[in-house]
Amino acid sequence: MTAIKKKYTILNVILLAGLGVLLGGAAYSGYRLAGISAEREQVKEDYSLSNSVTFGLFSIDQWRDRITDVLSNQIQDYHITKTQQKDLLLMVEKELHELVSKTVAEINQPQKGLVGKLKKLAFNTLVDSAELQAQVRPFAKTIVAKISSPESEKRLKNIAGSKVDQLTSQIYDSVSVANYAVTKYVYKKYKVSDPATFNQRIDQRLAVLKIQLIQYVCVMLGCVLAALVLWFTLRRQVHLQTPLFIFALLFAFVMLVTGSLLPVIEVDARIQSLDLELLNGRVEFKNQVLFYQSKSITGIVETLIAQSKPDAILVGALILLFILVLPLLRLIAKGIYVLSPKKTGRNGIVRYLTFELGKWDMSDVMIVGMLMTYIGLNGILKSQLSGLNIHSASLNVVTANGTSLQPGYFIFAGYVLFAALLSYILKQVSPHDGI
């Protein structure tokens, strides 16, 4: 008997040690999830700030720079082709012929004064209008050749470029200083020097963080599931039910805290690309963030309570009470009920907190509410952003909706299900007699 008892004691120690390892894994996963989520949120905020539509698509400076580039390219590519020279030659000839005809007609008009008559006589004597018209074509060729020469093209480019610079120097907006400060800050933080490298590094980092978040969520839920399987396996071991239930409460506490602190929903609306064809050139804007926000349950409470409106403060206080405080009280009450002597366990306050307080616990309502909020926001954003999608010969606009549920939602939903299971188990064991 002593050997069997010793064997069971060793097995119990191994069991509790295994549960401790699983609990440690869940707690560590929660710790890592909090750190990774905070880093991801910061990276997304830096990206959204640097690519804000205020500093891009809505900035006069950005439009000025892009249009200036298009105009500068057009000026630098300026060259009179052979076809254009022929067309120009015809136009110059036409103007010169009309000018000669008009001048001859004006001189040959009846003259009243002696001076006028002498000028008319001298012109008709010395000038042959037909010969003058014949000189128009060679003269027009000389003019076109002069205009088409490399020296003239260079001079025209310089004149046009100086005019463009003069005009663009008069165009500016009030966000240029802020844009410069933000760009300098984020580029220094991520050790980059240009937008392309910055965006590439951000995308790479976000991809790594996303994989890590998925891994640690799976580890945490996997630890809880493993503990449940172990508990189910040992459900007939009456003497182990108390430590198993206490461990289960600790798992629930870890999930409650983690789910409350991690972001539960993320709203990300952006113009993925805007491509405008202008003067045979292109004006492009990429990844212009219209709105970004990521919130946890505690973040929602803090935001509401920080408002100056009484109704917002009331809603924040109610969420804090019914979603965070009461669930925590229920876990504590269950622990007291399980560990306390029968006399204490049958105390009316302890029993009420353990079994009756659940009717005021709105965690499950919060899960449904957050899901409906996500569905509603996602639908509204899709509808609104779809109206901005434009596809035409000269303008192409593509929007993107990145609204999504975050790890905090799934962890908190896992807590709600786990807490409901614990309440069911505790009722099945019966008030205080079976544990």
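Residues numbered from 1 in each chain as written. Predicted model: local features only at pLDDT ≥ 70, side-chain atom pairs only at ≥ 80, totals over all residues. Heavy atoms only, no water.

## Observations regarding the overall build of the protein
Then step 1. Within the protein, the regular secondary structure consists of 16 helices and five strands.
Then step 2. Counting contacts in the protein only where the partners sit at least 6 residues apart, residues at least 24 apart contribute 78% of the total. (Helix = DSSP H or I, 4+ residues; strand = E, 2+ residues; numbered from the N terminus. Contact = heavy atoms within 4.5 Å.)

## Some points on unusual backbone geometry
Then step 1. Phi angles above zero are rare outside glycine, and lysine 191 is one such case at about 55°.
Then step 2. Structurally, the position occupied by lysine 191 is in the loop between α8 (176-189) and α9 (195-233).
Then step 3. The exposure class of lysine 191 is exposed, given its relative accessible area of 72%.
Then step 4. Even without glycine at this site, asparagine 287 takes up a positive phi of about 50°.
Then step 5. Positionally, asparagine 287 belongs in strand β2 (residues 281-296). (Buried < 20%, exposed > 50% of the residue type's maximum accessible area, 1.4 Å probe, protein only.)

## A word on the side chain of glutamate 93
Then step 1. Within the element layout of this structure, glutamate 93 appears in helix α3 (residues 82-107).
Then step 2. Polar contacts involving the side chain of glutamate 93 include one to the side chain of arginine 137, which spans 2.3 Å.
Then step 3. In contact with glutamate 93, other than residues within four places in its own chain, are Val136, Arg137 and Ala140. (Polar contact = N/O pair within 3.5 Å; in protein donor to acceptor, adjacent residues only side chain to side chain.)

## Quick notes on the pairing of β2
Then step 1. As paired strands, strand β1 (residues 263-278) and β2 are joined by 14 bridges and run antiparallel to one another. Within β2, the position partnered with glutamate 277 by the bridge is arginine 282.
Then step 2. Linking β1 to β2, which pair antiparallel, is a turn of two residues; within it leucine 279 sits at a positive phi near 55°. (Pairing = 2+ DSSP bridges.)

## Thoughts on the layout of surface pockets
Then step 1. If you add up the space inside the largest pocket, you get close to 460 Å³.
Then step 2. Surrounding the largest pocket, 18 residues form its lining, Arg40, Lys210, Glu266, Ser404 and Gln406 being those nearest its centre.
Then step 3. Elements with a contribution of two residues or more to the lining of the largest pocket: α1 (2-50), α9, β1, β5 (404-405) and α16 (407-429).
Then step 4. In terms of residue class, the lining of the largest pocket is built from nine nonpolar, three polar and six charged.
Then step 5. Of the voids in this model, the second largest pocket is the one considered here, and its volume is about 380 Å³.
Then step 6. The wall of the second largest pocket is formed by 18 residues, among which Ser50, Asn51, Arg66, Pro195 and Gln288 lie closest to the centre.
Then step 7. Listing elements by their share of the lining of the second largest pocket, those giving two or more residues are α2 (60-76), α8, α9 and β2.
Then step 8. Residue classes in the lining of the second largest pocket are distributed as six nonpolar, nine polar and three charged. (1 Å grid on protein atoms, 1.4 Å probe; cavity = no way out; pocket = protein on both sides within 12 Å on 5 of 7 lines; lining within 4 Å. Points joined across faces, edges and corners; volume = space filled by probe spheres on them. Nonpolar A, V, L, I, M, F, W, Y, C, P; charged D, E, K, R; others polar.)

## A short note on the nonpolar core
Then step 1. Residues Phe251, Phe412 and Tyr415 are the most contacted members of the largest nonpolar core, which totals 66 residues.
Then step 2. Examining the composition of this core, we find that twelve residues originate from one element, α9, more than from any other.
Then step 3. Each residue touching tyrosine 415, except ones within four places of it in the same chain, is listed here: Ala252, Met255, Leu256, Pro327, Leu331, Asp361 and Ser363. (Core = buried A, V, L, I, M, F, W, Y, C linked by side-chain atoms within 4.5 Å.)

## Section: the pattern of salt bridges
Then step 1. One pass over the structure, following the stated rule, counts nine salt bridges.
Then step 2. Between lysine 44 and glutamate 266 there is a salt bridge, and its shortest N-O distance comes to 3.7 Å. Of this pair, lysine 44 sits in helix α1 while glutamate 266 sits in strand β1; the two residues are 222 residues apart in sequence, bridging distant segments of the chain. The residues lysine 44 and glutamate 266 share a single accessibility class, namely buried.
Then step 3. Through salt bridges with shared partners, one network takes in Arg40, Lys44, Glu266, Asp268 and Arg270. (Salt bridge = Lys/Arg side-chain N within 4 Å of Asp/Glu carboxyl O.)

## Some thoughts on empty space enclosed by the protein
Then step 1. Per the stated rule, a full pass over the model turns up two cavities of 30 Å³ or more.
Then step 2. Reported here for the largest cavity is a volume of approximately 60 Å³.
Then step 3. Around the largest cavity, the lining residues are Leu19, Ala227, Leu228, Trp231, Leu244, Phe247, Ala248, Phe251 and Phe418.
Then step 4. Secondary-structure elements contributing two or more residues to the lining of the largest cavity are α9 and α10 (241-261).
Then step 5. Residue contributions to the lining of the largest cavity peak at four residues, all from α10.
Then step 6. Classifying every residue of the lining of the largest cavity gives nine nonpolar, no polar and no charged.
Then step 7. Its volume calculated, the second largest cavity comes out at about 40 Å³.
Then step 8. What lines the second largest cavity is simply Ser37, Arg40, Glu41, Leu213, Pro263, Glu266, Tyr292, Ser294, Gln406 and Pro407.
Then step 9. For the lining of the second largest cavity, the secondary-structure elements that each account for two or more residues are α1, β1 and β2.
Then step 10. The leading source of residues in the lining of the second largest cavity is α1, at three residues.

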